[in-house]
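Coordinates in review
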Amino acid sequence: MNEFEAKRSLAGERILLGVSGGIAAYKAAELVRRLRDADAEVRVVLTEAAAHFVGAATFQALSGHPVRSSLWDPAAEAAMGHIELARWATRVVIAPASADVIAKLAHGHANDLLSTLCLVTTAQLTLAPAMNNRMWWHPATQANVATLCERGAQLIGPDDGSQACGEFGPGRLVEPDAIVRALIASRVPSGSGPLAGQRVLVSAGPTYEDLDPVRYLGNRSSGKMGFALAAAAAELGADVTLIAGPVALPTPAGVRRIDVRRAVEMCDAALSALPQDIYIGAAAVADYMPARTATDKIKKPILDQGSDAASRNSGLTLDLVRTPDILAEIAAHPQRPRLVVGFAAETGNLAESAREKLQRKRVDAIAANRVGVEGCGFDCDSNALSVFWAGGEAELGPASKTQVARDLLLLLLDRLPAARA
Ligand code: C5P
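Residues numbered from 1 in each chain as written. Predicted model: local features only at pLDDT ≥ 70, side-chain atom pairs only at ≥ 80, totals over all residues. Heavy atoms only, no water.

As summarised here, the arrangement of the 8 strands in space is β12-β11-β8-β13-β16-β17-β18-β19, forming an open sheet in which the pairing is mixed. Looking at strand neighbours, the two that pair on one side only are β12 (255-259) and β19 (392-400), the edges of this open sheet. Put simply, the sheet's adjacent strands are angled 20 degrees from each other on average, direction ignored. Examined bridge by bridge, strand β8 (residues 199-204) and strand β13 (residues 278-281) share 4 bridges and lie parallel to one another. Paired with S203 across the two strands is G281, which belongs to β13. (Pairing = 2+ DSSP bridges. Helix = DSSP H or I, 4+ residues; strand = E, 2+ residues; numbered from the N terminus. Axes fitted to C-alpha atoms, helices over the stretch in contact; angles between N-to-C directions.)

Here's what the structure looks like:
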């Protein structure tokens, strides 16, 4: 463990964990354990709906304290009244935070114990939302979340991926370990941390190269690794700019985001963002783009019954040209960041091609992942990386992309002097 991380825990924090109704409530039980492992004291409040998913006895056993769920429990009020409980907390963490609880808090309701406590407390409020992705994207939920964030609430997640309802998208509760890490990170005052004062530029996601108004050439990059890197850099104190290709991911807290579509736009945005201290090219940039983008939809020839085999089988040839190599351009730029890091997705000899890229693109490190290994790389939540630099190499993961991102930044700080201000 890095010295910086070893110093950090939740010691001294009195966390009031609000659990609201949703299937992700079962993960809140694990969260209680993880919070206590990080030295926090935890008391749990369940909403009425949450109690349908996980029983109070589970939370009582894990937290070591009686669980509260009603404003009208005379015995509990006699032990520690709800006002006292709100004053006791140094942080209120709601995980999972349902769309309903978020709406209640945004509008200042006080019709159950949890919402009442939230109106009384002056402690930092943290929300880890979990809900169906359509509920998350609903303008009402987005407006409520924005209101709470403007009032200073910390938002952790939601994560993107497959959901208990069978759908796919943002709305999964962030894993308990990652929630604890985000809570620990937010204890570090802004402007501190090992990347404090450093400008970090991250590119993420695919690029889409338009063939005509309805078709494009793209790739399967989800952007998750780049977004996790931007989030981790911000947690470590950096001033982060994230250039995102077309992805459906929420912007990490404290990160400046620039959305682009094509490789040339990504290149312009990256060069315009210079000077920077660190550049991490995690985007899967298209290597080729159509020489021309048709203004009208490209039509296939209409063949009649009598067409010969040659006409029926005639293909379509696309005229492609190279896109700019953003990583190489940044590495060769007069305002070159002190540290330039590239990514490489490989199917063949990982080490050989990563080392070749290190030289050819004149970058300081290459983080390579093997494409096609189950649970790693494209469009999933975990990853494993082989990192190469002039003086050595290291393996990271397999672990969640959040963890791998953090480990990569700490590795760079540890091994590459250029990463340090
Ligand atoms: O050569 P290859 O595409 O495998 O290199 C991958 C690395 O180069 C990634 O860091 C990617 O972001 C970057 N790259 C780029 N511009 C391109 C192609 C790749 O910045 N046109």
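Read on, since the account is not over.
Per-chain confidence: the chain averages 90 in pLDDT, with 95% of residues scoring 70 or above. Segment residues 1-7: pLDDT under 50, and 8 contacts once partners within four positions in sequence are set aside and those in other chains are kept. (pLDDT = per-residue confidence, 0-100. Contact = heavy atoms within 4.5 Å.)

Right, let's get into the sheet that holds strand β1 (residues 14-19). Spatial ordering of the open sheet is given by β2-β1-β3-β4-β5, a layout of 5 strands whose pairing is parallel. Only two strands of the sheet have a single neighbouring strand rather than two, namely β2 (41-46) and β5 (154-155). Strand direction decides the pairing type here: β1 and strand β3 (residues 91-97), joined by 4 bridges, are parallel. Its bridge partner being in β3, I15 is matched across the sheet by R91. Across the face of the sheet, helix α2 (residues 25-37) comes into contact with β1, β2 and β3 while running at roughly 175 degrees to β1. Against the sheet, helix α11 (residues 176-185) contacts β1, β3, β4 (124-129) and β5, and its axis sits at roughly 150 degrees relative to β3.

With that settled, consider the site of the ligand. Neighbouring residues of the ligand: 14 residues in total, closest G281, A283, L327, F343 and K357. Separating an oxygen atom of the ligand from a backbone N or O atom of A283 is a distance of 2.7 Å. For the ligand, an oxygen atom lies 2.8 Å from a polar atom in the backbone of F343. Burial of the ligand by the protein amounts to 87% of the accessible area it has alone, namely 450 Å². When residues of the shell around the ligand are traced back to their parent elements, those giving at least two are α15 (326-331) and β16 (339-346). Taken together, the residues that form the shell around the ligand break down as 7 nonpolar, 3 polar and 4 charged. (Near = heavy atom within 4 Å. Polar contact = N/O pair within 3.5 Å; in protein donor to acceptor, adjacent residues only side chain to side chain. Areas by Shrake-Rupley, 256 points an atom, 1.4 Å probe, with all protein chains shown as cover. Nonpolar A, V, L, I, M, F, W, Y, C, P; charged D, E, K, R; others polar.)

Next up on the list: the pattern of salt bridges. Where charged atoms from two side chains of opposite charge come close, those side chains can pair. By the definition in use, this model includes 21 salt bridges. Note that R215 is salt-bridged to D212, the shortest N-O span being 2.5 Å. Residue classification places R215 among the partly exposed positions, given a relative accessible area of 34%. For D212, a relative accessible area of 2% corresponds to the buried category. Of the charged contacts in the structure, one is a salt bridge between E235 and R406, with a shortest N-O distance of 3.1 Å. Taken as a pair, E235 in helix α12 (residues 224-235) and R406 in helix α17 (residues 401-415) lie far apart in primary sequence, 171 residues in all. Classification of R406 by relative accessible area gives buried; the value is 3%. (Salt bridge = Lys/Arg side-chain N within 4 Å of Asp/Glu carboxyl O. Buried < 20%, exposed > 50% of the residue type's maximum accessible area, 1.4 Å probe, protein only.)

Ranked by size, the top nonpolar core spans 42 residues in total, and within it L195, L229, F343, L385, L408, L409 and L412 carry the most contacts. Residues in contact with L195, not counting those within four places in the same chain, are A233, L236, G237, A238, I278, L409, L413 and A419. Membership of the second largest hydrophobic core comes to 33 residues, among which are I15, V19, V44 and A182. (Core = buried A, V, L, I, M, F, W, Y, C linked by side-chain atoms within 4.5 Å.)

With that settled, the discussion passes to the domain arrangement of the chain. The domains assigned to the chain are domain 1 (7-185) and domain 2 (199-290 + 321-420). In this assembly, 9 residues from domain 1 lie in contact with 10 residues from domain 2. Note on domain 1 versus domain 2: buried area summed over both sides is about 870 Å², and carbon and sulfur give 48% of it. Where domain 1 touches domain 2, the interface holds 0 salt bridges. If you look at where domain 1 meets domain 2, you find 1 residue pair in polar contact (both at pLDDT 80 or more). The element that contributes the greatest number of residues to the side of domain 1 that touches domain 2 is α11, accounting for 4 residues. Each residue belonging to the side of domain 1 that touches domain 2 can be placed in one class, and the counts come to 5 nonpolar, no polar and 4 charged. (Domains from an automatic or database assignment. Buried area = accessible area lost by both parts, 1.4 Å probe.)

Moving on, we get to the packing of α2 against α11. Helix-helix packing is described using two parameters, namely the angle between the two axes and the distance between the axes. The geometry of α2 relative to α11 is characterised by a closest axis approach of 9 Å and an angle of 45 degrees between their N-to-C directions. Between α2 and α11, the crossing angle belongs to the class labelled oblique. Considering how the two elements wind past one another, α2 and α11 form a crossing that is right-handed. Here α2 contributes K27, E30, L31, R34 and L35 to the contact with α11, which in turn contributes P176, D177, I179, V180 and L183. Taken together, the residues that form the contact of α2 with α11 break down as 6 nonpolar, no polar and 4 charged. (Parallel < 35°, antiparallel > 145°, perpendicular 65-115°, else oblique. Left-handed = near helix turned anticlockwise from the far one by under 90°.)

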